[in-house]
Amino acid sequence: MDEGNTAAGSAPDISDMSFEQALGALEQIVQQLERGDVPLDQSISLYERGEALRAACQQRLDAAQARIESIVTGADGRPASTRPFDTES
């Protein structure tokens, strides 16, 4: 991947990315920032993009956890059905 394509203006919209794609993009940003070989302005842009990716990944993890927690178990302890997750509780 060309490092010039990691700028926020040319990067894909986070909402169009899968969790795995967003996580991979976040890992690439972290690697670039850890190397320390990007100019300050680009580092700030990368950091902002990384924070947005982190927030999107966290939101998707939280949604997945809520779905998992909504599984209703039967008397034998096995999953019997699912119920919608109540986002207001």
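Structure first, text after, so check above.
Residues numbered from 1 in each chain as written. Predicted model: local features only at pLDDT ≥ 70, side-chain atom pairs only at ≥ 80, totals over all residues. Heavy atoms only, no water.

A.B. asks: Explain the overall build of the chain here, please?
C.D. replies: Counting its secondary structure elements, the chain contains two helices and two strands. Walking the chain from its N terminus toward its C terminus, one meets helices and strands in the order α-α-β-β. Every one of the 89 residues in the chain was classed for burial, and the buried ones make up 21%. Contacts in the chain between residues at least 24 apart in sequence constitute 52% of all its contacts with a sequence separation of at least 6. Summed over all atoms, the accessible surface of the chain reaches about 6,600 Å², with 52% contributed by carbon and sulfur. (Helix = DSSP H or I, 4+ residues; strand = E, 2+ residues; numbered from the N terminus. Buried < 20%, exposed > 50% of the residue type's maximum accessible area, 1.4 Å probe, protein only. Contact = heavy atoms within 4.5 Å. Areas by Shrake-Rupley, 256 points an atom, 1.4 Å probe, with all protein chains shown as cover.)

A.B. asks: Looking at this structure, how should I read the pattern of salt bridges?
C.D. replies: If the charged atoms of two oppositely charged side chains come close together, the side chains can form a pair. Following the criterion strictly, the structure yields two salt bridges and no others. One salt bridge connects Arg35 with Asp37, and the closest N-O pair in it is separated by 3.3 Å. A relative accessible area of 49% means that Asp37 is categorised as partly exposed. Among the ionic pairs, Glu51 bridges to Arg54, the shortest N-O distance being 2.7 Å. In this pair, Glu51 and Arg54 are both assigned in helix 2 (residues 40-69), three residues apart and thus about one turn of the helix distant. (Salt bridge = Lys/Arg side-chain N within 4 Å of Asp/Glu carboxyl O.)

A.B. asks: Before we go on, may I ask you to explain the nonpolar core in this structure?
C.D. replies: Note on soluble globular proteins: their nonpolar side chains tend to be buried together. Core analysis: the largest hydrophobic core is formed by 11 residues, namely Ile14, Met17, Ala22, Ala25, Leu26, Ile29, Val38, Leu46, Leu53, Ala56 and Cys57. Sorting the residues of this core by element identifies helix 1 (19-35) and helix 2 as the ones contributing at least two each. (Core = buried A, V, L, I, M, F, W, Y, C linked by side-chain atoms within 4.5 Å.)

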